[in-house]
Amino acid sequence: MIIRKIAENIVSPLGFTTEENFASVMAGRTALRRYYSLWDLPFSCFVSLIPDERLDAEFEAQVPCFTTAVYTKFEKCVLLSATKALKQCELDAASDRVVFILSSTKGNVSLLSDENPDIERVTPAHTAQLVARHFHNPNIPITVSNACISGLCAQIEAYRCLMSGQYNAAVVIGADVLSPFIVAGFQSLKALSDEQCRPFSANRKGLNLGEAAATVVYSVDDDAADGWRMLAGAVRNDANHISGPSRTGEGSYQTLTAVIRDSGLSTNDLACLNVHGTSTLYNDEMESIAINRAGLNPVPVNAMKGYYGHTLGAAGILETLLTMRALEDGIVPATRGFDELGVSNPVLVSSESLDTQKRAFVKLLSGFGGCNAAAVFKGYGL
Amino acid sequence: MNTMVKHTVKLTPNYLEVNGKRVAETVAGESFLTKLYRLYNMEYPKFFKMDVLCKVGFVASEVLLGTEGGERFVPRSDRAVLLFNRHSSLHADSTFQHTIANPDEFYPSPSVFVYTLPNIVTGEIAIRNKYQGESSFILLPEKSEEAMDQAVARAFMDRETTSVLTGWVEAVSETEYEVEMELRMKNDE
Amino acid sequence: MELTEELKTKMIEALNLEEMTPADIDDNAPLFGDEGLGLDSIDVLELIVLLERNYGIKIADPKQGKEIFASVRTMADYVAANRTK
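Because the structure is a prediction, the values reported are computed rather than measured. (Residues numbered from 1 in each chain as written. Chains lettered and ligands numbered in written order. Predicted model: local features only at pLDDT ≥ 70, side-chain atom pairs only at ≥ 80, totals over all residues.)

**A look at helix 1 (residues 32-39) of chain B**
Residues spaced three or four apart along an α-helix point in a common direction, a consequence of the helix completing one turn every 3.6 residues. All names here are of chain B. Stated precisely, the cut-off is as follows: We call a residue exposed when 12 or fewer other C-beta atoms sit within 10 Å of its C-beta, buried when the count reaches 20 or more, and partly exposed for counts in between; the C-beta positions come from the backbone. Under the DSSP-based scheme used, a helix requires at least four consecutive residues in state H or I and a strand at least two consecutive residues in state E, with every element numbered from the N terminus. Read the arc as the range of directions from the helix axis to the C-beta atoms. Note that contacts rest on C-beta atoms placed from the backbone: two residues are in contact if these are within 7 Å.
For helix 1, the complete set of buried residues consists of Phe-32, Leu-33, Leu-36 and Tyr-37. Each buried residue of helix 1 lies within a common arc of 140 degrees when the element is viewed along its axis, so the set occupies one face. The inward-facing, buried residues of helix 1 contact strand 2 (15-18), strand 3 (21-25) and helix 2 (52-68). Where helix 1 terminates, the next one or two residues include Asn-41, which has phi positive at roughly 50 degrees.

**Observations regarding the nonpolar core**
Test applied: Structurally, a nonpolar core is described as a collection of buried Ala, Val, Leu, Ile, Met, Phe, Trp, Tyr and Cys residues joined by way of C-beta atoms within 7 Å. Either an automatic procedure or a domain database provided the assignment from which the domain bounds are taken.
Residues Ala-170, Leu-273 and Ala-373 of chain A together with Val-56 of chain B are the most contacted members of the largest nonpolar core, which totals 203 residues. Tallying contributions element by element places helix 2 of chain B first for this core, with ten residues. Here this core gathers at least three residues from each of two domains, domain 1 (2-221) and domain 2 (227-380) of chain A. Not counting residues up to four positions away in its chain, the partners in contact with Ala-373 of chain A are Ile-149, Leu-152, Cys-153, Ile-156, Gly-233, Ala-234, Val-235, Thr-255 and Leu-365 of chain A.

**Some points on the confidence of the model for chain C**
Note that predicted coordinates carrying low pLDDT should not be read in detail. Residue and element names in this part refer to chain C. This is how the line gets drawn: On a scale of 0 to 100, pLDDT captures the predictor's confidence in every residue.
Residues with a pLDDT of 70 or more make up 99% of chain C, whose mean pLDDT is 89. Across chain C, helix 4 (residues 72-82) holds the top mean pLDDT of 95, while helix 3 (residues 65-68) sits lowest at 85. ipTM for the predicted complex: 0.97, alongside a pTM of 0.97.

**Side note on the interface of chain A and chain B**
We apply this condition: Charged residues are taken to be Asp, Glu, Lys and Arg, nonpolar residues to be Ala, Val, Leu, Ile, Met, Phe, Trp, Tyr, Cys and Pro, and polar residues to be all remaining types, Gly included.
Opposite the 53 residues of chain A that make contact, chain B presents 48 residues. Only helix 4 (119-122), helix 5 (124-134), strand 5 (142-144), helix 6 (150-163), helix 7 (180-188), strand 9 (227-237) and helix 8 (250-263) of chain A provide two or more residues apiece to the side of chain A that touches chain B. It is helix 7 of chain A that provides the largest number of residues to the side of chain A that touches chain B, a total of six residues. Residues of the side of chain A that touches chain B, tallied by class, amount to 27 nonpolar, 21 polar and five charged.

**Let's talk about the packing of helix 2 of chain B against helix 5 (residues 119-129) of chain B**
Residues and elements named next belong to chain B. To be explicit about the condition: Structural elements are reduced to axes, namely lines fitted to C-alpha atoms, with helices fitted over the stretch in contact, and the angle between N-to-C directions of any two is expressed from 0 to 180 degrees. Small angles under 35 degrees read as roughly parallel and large ones over 145 as roughly antiparallel, with 65 to 115 read as roughly perpendicular and the rest as oblique. Two helices cross in a left-handed way if the nearer one is turned anticlockwise from the farther one by less than a right angle. They cross in a right-handed way if the turn is clockwise.
Running from amino to carboxyl end, helix 2 crosses helix 5 at an angle of 40 degrees, the nearest separation of the two axes being 9 Å. If you check the angle between helix 2 and helix 5, you find them oblique. Considering only the axes of helix 2 and helix 5, their crossing is right-handed. Only Ile-120, Val-121, Glu-124, Ile-125, Arg-128 and Asn-129 of helix 5 make contact with helix 2, whose side of the interface consists of Leu-53, Cys-54, Gly-57, Phe-58, Ser-61 and Leu-65.

**Some points on the packing of helix 7 of chain A against helix 3 (residues 90-100) of chain B**
Relative orientation and spacing of two packed helices are given, respectively, by the angle between their axes and the distance between those axes. Where helix 7 of chain A contacts helix 3 of chain B, the axes come no closer than 10 Å and their chain directions differ by 80 degrees. Put simply, helix 7 of chain A runs roughly perpendicular to helix 3 of chain B. Every residue of helix 3 of chain B that contacts helix 7 of chain A at Pro-180, Phe-181, Ala-184 and Gly-185 of chain A is listed here: Phe-96, Gln-97 and Ile-100 of chain B. Looking at the contact of helix 7 of chain A with helix 3 of chain B, its residues break down into five nonpolar, two polar and no charged.

Structural data, given as structure tokens:
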């Protein structure tokens, strides 16, 4: 029994399908822009935003709505991405053998600025229920909310749901949209760069935030099926600090060794490590330490934040899908924004894309709460 | 997966129960959480910095792990922390929203913002106990024993995990909270 | 009230140092690290907000905070020299 990707979608400022996003990334485009007083915030910021006009146009054209309810931007992103993914496969989403899994950090938190906020609608668990009901799915949807690693945790949850035989397929959606809440919060932590982020670079000044929704559908399949398989996943805690990454990279190191062991692959099989690379001083430094401790330093490293910014709950799914798509063409995408290496341990980051014959990779993420996640994916017959 | 429950704790604004037995009750006019913190000699000043979701999760976990006994605070990766609720970090979210709502008094608070994620409570418990295993927070549309049981069973699919500190940890205000926490062990027999 | 005492009171409130009184904090004791109050990186950021809010002082680079927040004394000296309100 294997776990195989059967459908997917990315809705982002760089496109509304995986293909369109991949083409944008290969063309070296970025969705990040400077805004001087976004939402009247008293500071300038560098973020990427999904354009409302296109989102609304596609939503109305593609998502059949039986009610006149007005959806929030977050809900529209989630529903649109899931709808577009499910159109690609024959899956009966209403089956009790299918489970919906949502990954989000802040969901509808912007509703809290309303005069009389609809408190029940703020939690992402509400959105997950909305989506499951929209597709007439009878099961209780699972929402994973583990800060920035949520998108990978959601896929690991899907993997286990299928491996345990509980379900035959999982629709995994990751999404976050920006609001004064999120931008002011990261600004208060002095984590934001007011220019284009520079993953792993000596002159990096912090992260950029971005909006995206991404969906991957996994299914149980027989051992002969071609395509992308999820081979292993692990989550570990640094047990060190709620907001600062571990100085020894403990949690990330432990996830890396666990997933390499469980996947049965060796360093030689890996085309790349698609890492977090938020461009904060401490995150990138921590990842360089963890990669070296795990003996993975000979493997090329790349990060996607220079194209999209940090898309929070979407990042784990968006970055996984883009890496899969790129490897299908034998390419490890360039790390946009990277110039001169500025971490203490050697890692093979490049501002140019690389050619590769390999079709397997590790996805790595870490987040607030001291959490870390890694997973291994491999393409067969590609 | 064959598992067994070893110790349970229930914490509400009115009482604390350990293994089904009531061990403390609230008295009008006091902070029940601070009282329990002192009663159980938790000696962890970071407690006072926590938001209410972390406070209730922390207090319940301290009581639960004190009941378990044995050596504590030794780094280990075989114990997962897996918690659930419906409202995520709603109380911290509302508190942070207040710090940015007025353009003339716009002072977003970093120490409030760090608590606007539900998995900070799993992180706080992991830090306190040096648990380097899996940690995760799952939101459910409603409290469902079945959904939680299934998620705990999935947590045991990580081959390093031999026990899970798990339960429902909901806190929507300083005076409205509910925690039901337990230790679930892998049954090797 | 003397500035050092005022800062101590505000600090205890802003950082939720529940079990402390201004008398417990020595003017010259280190605020960070294991020997002093044991404040962490989030506390530095919150102290930056405290100075902006109460004294109109803007600190863009948290690294600058290390010297300013070495002790209550250094903090008071900095506030006295740079306050705009």
